[in-house]
Each structure stands twice: as C-alpha cells, then as structure tokens.
Amino acid sequence: SQQGEEDPQALSIQEGENATMNCSYKTSINNLQWYRQNSGRGLVHLILIRSNEREKHSGRLRVTLDTSKKSSSLLITASRAADTASYFCATDQSGNTPLVFGKGTRLSVIA
Amino acid sequence: DGGITQSPKYLFRKEGQNVTLSCEQNLNHDAMYWYRQDPGQGLRLIYYSQIVNDFQKGDIAEGYSVSREKKESFPLTVTSAQKNPTAFYLCASRMAGAGRSPLHFGNGTRLTVT
C-alpha cells in the first residue's frame, strides 16, 4: 500500500534556485525519511525526521514535518545540476514494519 | 567497503522461465527487503525478512519467492506465475529492531522478460 504521496510529480528549476518537494501520508508514523535516486541506481538515504521533531537540517537540505497535517516537505537550497534525481519520502509506522514509499518527485536542475 | 551487491545488473529471460536475482550484503544487517519499481512509480514491497530462516510477504508477493538461509543473502525468484515481471528490482537492508534506521540499497537489477 502506498502511504506517502509526493507533490509535485516533476519539478524543473534553474541552477541556484531552491527546490521544494512535499509529501503527504495517511496514518500515524514513527519517523519519515527522504531518499534520493539517480537514474537507474538504488536509493540513497538523505535525512530522517522523527515524529516528535518539526524541522531538521543537513547541509543544503531542510526537512519539515507537520504531524497534524500528516505532511512533510524537503527543501534543497541553492540547487546544482548534480541534484537532478528522483526524491522519495518513506514512512516508518512502527519499529519493525517495512518502510512505505511514495511515488517520488523527479527534479531537474538546469545549468 | 560495506554495502549491498545485486547481480546481475541486467537480466533477460523468456516468458515462462523462472529467474533468480541475487542480493548479498556485508553490513551485518538483520533485515532485508525486496522492492519492485516500475517506470515513473514508487517502490512496492515484494518480500522482507527480519531474521534468518524467516520472511514475510509484502504488498505484491504473488508470483515471487524468496529464501533466507544466510544472514548475508536474500535471493528473489521471479516465477513464471508473475504476470508482468519486467521491472527494476531493488534489494535493501537495515538493522532490525531499530525502527529509526535508514535503508541501504543495492544498485538494482533490471529484468526484461519477452
């Protein structure tokens, strides 16, 4: 079952601009994770935010979580062409259940 | 370097044949997972295993089988009963019992069945 839904499905921006992707989910969670996938490759973990956290930063990444709205956002600041990839949110509902992934946002950063 | 190795990267089979995809990890992770990804789609869970000699069905297990005889290995067999097997298959692992640990992924196997 698909838990997270990313929005938009695709996003095209110029290098140097900020990119914002959103994720909505349906049930209560322990944490929410964001992953990146380059074309034809496996996913790489970017950042994890716990259900009791509201905001988290890692380098040029900023993640927010609003559990009352069941939504999260990923902001990439000062984007680079190398940020071109698909980005997925994944929800972790309890300690040992598998992560449930959304359909992803395809980001294109134009140099 | 620790990581997850999937092989082969590309696999071609004729319809009606079973095929096994390999997944090996040296991260000492207890839990392993198989996901399927179709073009422009998210990941859908096929099977997962939290411990050796035990595994559970995911959302789309029909037409697939797995085994977990060793901690390091979690092969996936795509059987002839799988109606639409052409897809990108991703294997992942993480520490079990640590619900906040991220998944580590292999680089996938692209299976084409004609």
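What you see is a predicted model, and the numbers here were worked out from it, not measured in a lab.

A. Just the overall build of chain B, in detail. The secondary structure content of chain B amounts to zero helices and eleven strands. Counted from the first residue to the last, chain B has its helices and strands arranged as β-β-β-β-β-β-β-β-β-β-β. For chain B, the C-alpha radius of gyration of 13 Å lies close to 13 Å, the compact-globule estimate for 114 residues. Viewed in the frame of its principal axes, chain B has a C-alpha envelope of about 40 × 25 × 25 Å. Of the contacts formed within chain B by residues at least 6 apart in sequence, a portion of 51% connects residues at least 24 apart.

B. View of the side chain of S101 of chain B. Examined against the element boundaries, S101 of chain B turns out to sit in the loop between β9 (87-94) and β10 (104-105). Contact partners of S101 of chain B, with chain neighbours within four places excluded, come to Q33 of chain A together with R94 and M95 of chain B.

C. Summary view of the sheet that holds strand β7 (residues 61-66) of chain A. All names here are of chain A. An order of β1-β3-β8-β7-β6 is seen for the five strands of this open sheet, with the pairing classed as antiparallel. Among the strands making up the open sheet, the edge pair consists of β1 (5-7) and β6 (55-58). Taken over all neighbouring pairs, the strand axes of this sheet differ in orientation by 20 degrees on average, direction set aside. Judged from the six bridges that link them, strand β3 (residues 19-24) and strand β8 (residues 71-76) form a sheet pairing that is antiparallel. Residue pairing for β8: A19 is matched across the bridge by I76.

D. Quick look at the state of the cysteines. All names here are of chain A. Inspection of every chain in the model, using the stated rule, returns two disulfides over all chains. The residue that forms a disulfide with C23 is C89, at a sulfur-sulfur distance of 2.0 Å. Looking along the S-S bond of the C23-C89 disulfide, the torsion reads about 65 degrees, which is the right-handed sense. Placement of C23 in strand β3 and of C89 in strand β9 (residues 85-92) is noted, with a sequence separation of 66 residues between them. Residue class for C23 comes out buried when judged on its relative accessible area of 1%.

E. Seen up close, the pairing of strand β5 (residues 43-51) of chain B. Residue and element names in this part refer to chain B. Burial runs high along β5: seven of the nine residues are buried. Note that strand β4 (residues 31-37) and β5 share six bridges and pair antiparallel. By the bridge assignment, R36 is partnered in β5 with R44. With antiparallel pairing between neighbouring strands as the criterion, β4 and β5 make up a hairpin whose turn holds five residues, including G40 at a positive phi of roughly 70 degrees. Relative to strand β6 (residues 54-57), β5 is paired through three bridges, and the arrangement is antiparallel. Pairing of I51 across the sheet is with D54, part of β6.

F. Here's a closer look at the interface of chain A and chain B. On the chain B side, the residues contacting the 23 residues of chain A number 27 residues. There are one salt bridge connecting chain A and chain B. When the shortest N-O distance is used, the salt bridge between R94 of chain B and D92 of chain A registers 3.1 Å. Summed over the shared surface of chain A and chain B, the result is six residue pairs in polar contact (both at pLDDT 80 or more). Where the side of chain A that touches chain B is concerned, the elements lending two or more residues are β4 (31-37), β5 (43-50) and β9 of chain A. Partitioning the side of chain A that touches chain B into residue classes produces seven nonpolar, twelve polar and four charged.

G. Summary view of the layout of surface pockets. Computed from the structure, the largest pocket encloses a volume of approximately 410 Å³. Together, 22 residues line the largest pocket, and Q37, S86 and R106 of chain A together with Q37 and G40 of chain B are the ones closest to its centre. Of all elements in the fold, only β9 and β11 (105-110) of chain A reach the threshold of two or more residues within the lining of the largest pocket. At four residues, β11 of chain A tops the list of elements feeding residues into the lining of the largest pocket.

H. The arrangement of the nonpolar core in detail. Of all hydrophobic cores here, the largest spans 21 residues; its most connected members are L21, W34, I46, L76, V78 and Y89 of chain B. Contributions of two or more residues to this core are made by β3 (19-25), β4, β5, β7 (64-66), β8 (76-78), β9 and β11 (109-113) of chain B. Excluding anything up to four places from it in sequence, L76 of chain B contacts V19, T20, L21, W34, I46, Y64, S65, V66 and Y89 of chain B. Among the nonpolar cores identified, the runner-up in size contains 20 residues, and C23, L32, W34 and L74 of chain A belong to it.

Criteria and thresholds
- Residues numbered from 1 in each chain as written.
- Chains lettered and ligands numbered in written order.
- Predicted model: local features only at pLDDT ≥ 70, side-chain atom pairs only at ≥ 80, totals over all residues.
- Heavy atoms only, no water.
- Helix = DSSP H or I, 4+ residues; strand = E, 2+ residues; numbered from the N terminus.
- Rg over C-alpha atoms; globule rule 2.2 N^0.38 Å.
- Contact = heavy atoms within 4.5 Å.
- Pairing = 2+ DSSP bridges.
- Axes fitted to C-alpha atoms, helices over the stretch in contact; angles between N-to-C directions.
- Disulfide = S-S within 2.5 Å.
- Buried < 20%, exposed > 50% of the residue type's maximum accessible area, 1.4 Å probe, protein only.
- Salt bridge = Lys/Arg side-chain N within 4 Å of Asp/Glu carboxyl O.
- Polar contact = N/O pair within 3.5 Å; in protein donor to acceptor, adjacent residues only side chain to side chain.
- Nonpolar A, V, L, I, M, F, W, Y, C, P; charged D, E, K, R; others polar.
- 1 Å grid on protein atoms, 1.4 Å probe; cavity = no way out; pocket = protein on both sides within 12 Å on 5 of 7 lines; lining within 4 Å.
- Points joined across faces, edges and corners; volume = space filled by probe spheres on them.
- Core = buried A, V, L, I, M, F, W, Y, C linked by side-chain atoms within 4.5 Å.

By themselves these figures say nothing about function.
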